[in-house]
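Fold and geometry: a report
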Amino acid sequence: MPRSALRTCARAVPAVALLLAVTACSTTTPDTAPTASPPSNGSPRQSASGRPATEQENSAMHLRLTIDGHTVDAALNDSATARDFAALLPLTLDLDDFQGTERVADLPRKLSTDGAPESSGPKAGDLAFYAPWGNLALFYRDGHPSPGLVILGHLTDQDDIARLANADRVRIQPAT
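Right, let's walk through the structure included here. The model shown is predicted, which means the values in this text are computed figures rather than measured ones.

The next thing to look at is the pattern of salt bridges. All chains considered together, the criterion is met by seven salt bridges. The residue Asp94 makes a salt bridge to Arg169 at a minimum N-O spacing of 3.0 Å. Note that Asp94 is positioned in strand 3 (residues 91-94) and Arg169 in strand 11 (residues 169-174), a separation of 75 residues in sequence. Judged by its relative accessible area of 44%, Arg169 falls in the partly exposed class. Of the charged contacts in the structure, one is a salt bridge between Arg103 and Asp168, with a shortest N-O distance of 3.7 Å. Taken together, the residues Arg103 in strand 5 (residues 102-106) and Asp168 in the loop between helix 4 (161-164) and strand 11 connect sequence positions 65 residues apart. We classify Arg103 as buried; its relative accessible area is 7%. The network of salt bridges with shared partners includes Asp97, Arg103 and Asp168.

Turning our attention to the environment of Arg171. Mapping Arg171 onto the fold places it in strand 11. Along the backbone, Arg171 and Pro90 are 81 residues apart, and their C-alpha atoms lie at a distance of 7.2 Å. What Arg171 contacts, discounting residues up to four positions off in sequence, is Arg64, Leu65, Thr66, Pro90, Leu91 and Thr92. At 2.9 Å, the side chain of Arg171 and the side chain of Thr92 are in polar contact.

Turning our eyes to something else, we now look at the pairing of strand 11. Summarising the sheet, strand 1 (residues 61-67) and strand 11 pair through five bridges and their orientation is antiparallel. Following the sheet pairing, Thr66 is matched in strand 11 by Arg171. For strand 3 and strand 11, the ladder comprises four bridges, and the chain directions are antiparallel. What sits directly across from Leu91, in strand 11, is Ile172.

Spatially, 3-11-1-2-10-7-8-5-4 is the arrangement adopted by the nine strands of the open sheet, whose pairing is antiparallel. Strand pairing shows two members of the sheet lacking a second neighbour, strand 3 and strand 4 (96-98), which therefore form its edges. When strand polarity is set aside, the average angle formed by the axes of neighbouring strands in this sheet is 30 degrees. For strand 1 and strand 2 (residues 70-76), the ladder comprises seven bridges, and the chain directions are antiparallel. Residue pairing across strands places Leu63 opposite Ala74, the latter belonging to strand 2.

Let us look at the packing of aromatic side chains. To describe a pair of aromatic rings, you give the distance between the ring centres and the angle between the ring planes. Under the criterion given, the structure shown has two aromatic pairs. Relative to Trp133, the ring of Phe98 has its centre 5.4 Å away and its plane inclined at 90 degrees; by these criteria the two rings are edge-to-face. In this pair, Phe98 is assigned in strand 4 and Trp133 in the loop between strand 7 (126-130) and strand 8 (135-139), connecting sequence segments 35 residues apart. On the accessibility criterion, Phe98 (27% relative accessible area) is partly exposed. Here Tyr130 and Trp133 contribute two aromatic rings whose centre-to-centre distance is 5.1 Å and whose plane-to-plane angle is 85 degrees, an arrangement assigned as edge-to-face. Among the aromatic residues, ring-to-ring pairing joins Phe98, Tyr130 and Trp133 into one connected group.

Rules behind the numbers
Residues numbered from 1 in each chain as written. Predicted model: local features only at pLDDT ≥ 70, side-chain atom pairs only at ≥ 80, totals over all residues. Heavy atoms only, no water. Salt bridge = Lys/Arg side-chain N within 4 Å of Asp/Glu carboxyl O. Helix = DSSP H or I, 4+ residues; strand = E, 2+ residues; numbered from the N terminus. Buried < 20%, exposed > 50% of the residue type's maximum accessible area, 1.4 Å probe, protein only. Contact = heavy atoms within 4.5 Å. Polar contact = N/O pair within 3.5 Å; in protein donor to acceptor, adjacent residues only side chain to side chain. Pairing = 2+ DSSP bridges. Axes fitted to C-alpha atoms, helices over the stretch in contact; angles between N-to-C directions. Phe/Tyr/Trp six-rings, centres within 6.5 Å; stacked < 30°, edge-to-face > 60°.

This is a description of form; function is not addressed.
This is the structure in structure tokens:
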């Protein structure tokens, strides 16, 4: 066998093995893929970002944020990281702008990221935890996917997202 053919095979075998391993580890098939629970009117529920709501969003914990004196509603998803964040509530945090995209604040402690995706692409209105720095991020513009960013939830009203751009302080508590 020519040397170039051996090199090609040597490069292809690991890629094929990886593809097979990833495919074999997948637990979701088209027949078993999770779907959003439709509301009583029969149409699929949409998340605040306009994307179809996930099962996690349908079982969300509702929050009340007070942003510079204005009340804003939000919902946490049902992830382990979001539940760990909820255990810290109520919180009052001073906010700083980061890259003209998000308002950030230090949390009292780092959150558990067990089972969280390695990277998330945030949308305007998302509440997120940035694991490398241990801070909360409130996005008022869409952001770029970032390793260590875990989406916790979202604002429930798109009109409230604009308030985040200039926010200096936020109080976050469970909605009653």
